[in-house]
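Structure assessment
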Amino acid sequence: MKEITAGKSGLPAVAYLFLVGIAGWWIPGAGHWLIGRPKRAAIIFFSIAFAFVLGIWFGSIAVIDASTPWYWAQMLNSPAVAYLAHLSGSVYHLESYGKPREMGEIYTGIAGMLNLLCIVNAVYVAHCKNIKEQS
Amino acid sequence: MINSLNLCQYVLAGFMSPMDIGTTAKGLLLALPLIAVIAIVYKAIKLEEIKFVSFLKEVFLLFGSILVFMIITAIVLFVIMKAVVG
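So, a few notes on the structure that sits alongside this text. (Residues numbered from 1 in each chain as written. Chains lettered and ligands numbered in written order. Predicted model: local features only at pLDDT ≥ 70, side-chain atom pairs only at ≥ 80, totals over all residues. Heavy atoms only, no water.)

1. Some thoughts on the overall build of chain A
For chain A, the helix and strand inventory stands at 6 helices and 0 strands. Along chain A, from the amino end to the carboxyl end, the secondary structure elements read α-α-α-α-α-α. Every one of the 135 residues in chain A was classed for burial, and the buried ones make up 49%. Partitioning the contacts of chain A with sequence separation of at least 6, the portion at a separation of at least 24 is 65%. In the structure as shown, chain A presents an accessible area of about 7,100 Å², 72% of it carried by carbon and sulfur atoms. On chain A, the mean spot of the 9 positive side-chain charges and the mean spot of the 6 negative ones are 19 Å from each other. (Helix = DSSP H or I, 4+ residues; strand = E, 2+ residues; numbered from the N terminus. Buried < 20%, exposed > 50% of the residue type's maximum accessible area, 1.4 Å probe, protein only. Contact = heavy atoms within 4.5 Å. Areas by Shrake-Rupley, 256 points an atom, 1.4 Å probe, with all protein chains shown as cover. Lys, Arg positive; Asp, Glu negative; His and termini not counted. Charge placed at Lys NZ, Arg CZ, Asp CG, Glu CD.)

2. Concerning helix 5 (residues 80–91) of chain A
Taking 1.5 Å per residue, 12 residues should reach 16 Å; helix 5 of chain A reaches 15 Å between its end C-alpha atoms and fits that length. Contacts from the buried residues of helix 5 of chain A go to helix 3 (38–59) and helix 4 (70–74) of chain A. (Expected span 1.5 Å × (residues − 1).)

3. Here we look at the nonpolar core
In terms of nonpolar packing, the biggest core is built from 39 residues, with A:Ile48, A:Ile56, A:Phe58, A:Ile64, A:Tyr107 and B:Phe55 touching the most fellow members. Looking at this core, the elements that each hand over two or more residues are helix 3, helix 5 and helix 6 (98–134) of chain A together with helix 2 (31–46) and helix 3 (52–85) of chain B. A total of 8 residues in this core trace back to one element, the largest contributor, which is helix 3 of chain A. Each residue touching A:Tyr107, except ones within four places of it in the same chain, is listed here: A:Ala51, A:Leu54, A:Gly55, A:Phe58, B:Leu30, B:Ala31, B:Pro33 and B:Leu34. Core analysis: the second largest hydrophobic core is formed by 7 residues, A:Leu17, A:Ala122, A:Val125 and A:Ala126 among them. (Core = buried A, V, L, I, M, F, W, Y, C linked by side-chain atoms within 4.5 Å.)

4. Comments concerning the interface of chain B and chain A
Opposite the 26 residues of chain B that make contact, chain A presents 31 residues. Between chain B and chain A the total buried area reaches about 2,500 Å² when both faces are included, carbon and sulfur atoms providing 77% of it. Among the residues of chain B in contact with chain A, B:Phe15, B:Met16 and B:Ile45 are the three that bury the most area, contributing 26% of the side total. Here chain B and chain A share 0 salt bridges between them. Applying the counting rule to chain B against chain A returns 8 residue pairs in polar contact (both at pLDDT 80 or more). (Buried area = accessible area lost by both parts, 1.4 Å probe. Salt bridge = Lys/Arg side-chain N within 4 Å of Asp/Glu carboxyl O. Polar contact = N/O pair within 3.5 Å; in protein donor to acceptor, adjacent residues only side chain to side chain.)

5. Re the environment of B:Leu62
Residues and elements named next belong to chain B. Its place among the elements puts Leu62 in helix 3. A sequence separation of 21 residues divides Leu62 from Val41, and the C-alpha atoms of the two residues are 11 Å apart. Discounting residues that sit within four places of it in the chain, Leu62 has contacts with Ala39, Tyr42 and Lys43.

6. Focus on a nonpolar patch on the surface
Residues and elements named next belong to chain B. On the surface, Val68, Ile71, Ile72, Ile75, Val76, Phe78, Val79, Ile80, Met81, Val84 and Val85 cluster together into a nonpolar patch covering about 1,000 Å² of accessible area. For Met81, the location among the structural elements is in helix 3. According to the relative accessible area criterion, Met81 is partly exposed, its value standing at 38%. (Patch = residues over 30% accessible without salt bridge, like charges linked within 9 Å, V, L, I, M, F, W, Y side chains within 5 Å.)

7. Some thoughts on the side chain of A:Thr108
Residues and elements named next belong to chain A. With respect to the helices and strands, the residue Thr108 is situated in helix 6. Polar side-chain contacts of Thr108 include one of 2.9 Å to the side chain of Gln74. Setting aside its immediate chain neighbours within four residues, Thr108 contacts Phe52, Gly55, Ile56, Val63, Gln74 and Asn77.

Structure follows, in C-alpha cells:
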C-alpha cells in the first residue's frame, strides 16, 4: 500500500497538516509560509503582531489575565502569550482597569481569533494541495 | 539626549502601565486600526492572488463597508434609544 505524503516535504499528509497548524499558531503567518505563500505570511504576521502589540500598549500586559475568558482568545496568537500572562500576574503583579483594559482585551483577543482564521485557512489550503498532488 | 538604552526602557515601560484612554467620542477612533487589521487579514486569506493595487482596493472596500455598517448600526441604536428612553 502506497503511503500518502505531502508533496516535496515527504511528511505523511496528516503530519504535514498538523505541522502547518502548529507553525501558524506559534508564529502568526508561519503556516502560510510553510505552504509556499510568503506574501500572505508576511501580511498576516505584521497585521496580527500590530494588533496584538497595540492592544498591550493600550492596556499594558495586565490585559493578559489567565482568569478571564479573553485569555483563551489571546492564547490563539501564540503560546508565548502564556509567558506574558505569567509575567503580568506572578512576576510583576500588574493591574489594568476601565477603558484601556477593555481596548487591550478587544485588540489582543481579536488578533488571536484572526490568527485562528489564518491557521484554519492554511491547513485547508495545505489539504487541498495534498489532494491536488495525489490526483 | 535620549540614548538607546533609555529609549528601550521607555518603550518597554509603555507595556507595563496602561495608557490614559478616556470614555470620550474620540475614543471611538481607536476602532479604526482594528477594522483595518481585520480587513487586511481577511483579504490576505481570501484573495486568489495578491497584487498590491488590487489588494489595497479590496482592503479599502472592506474597511469602508465595515465602517459604514457600524455607523448605520450606531444611528439605528441611537434612534431606538431616543424612541424608548426619550
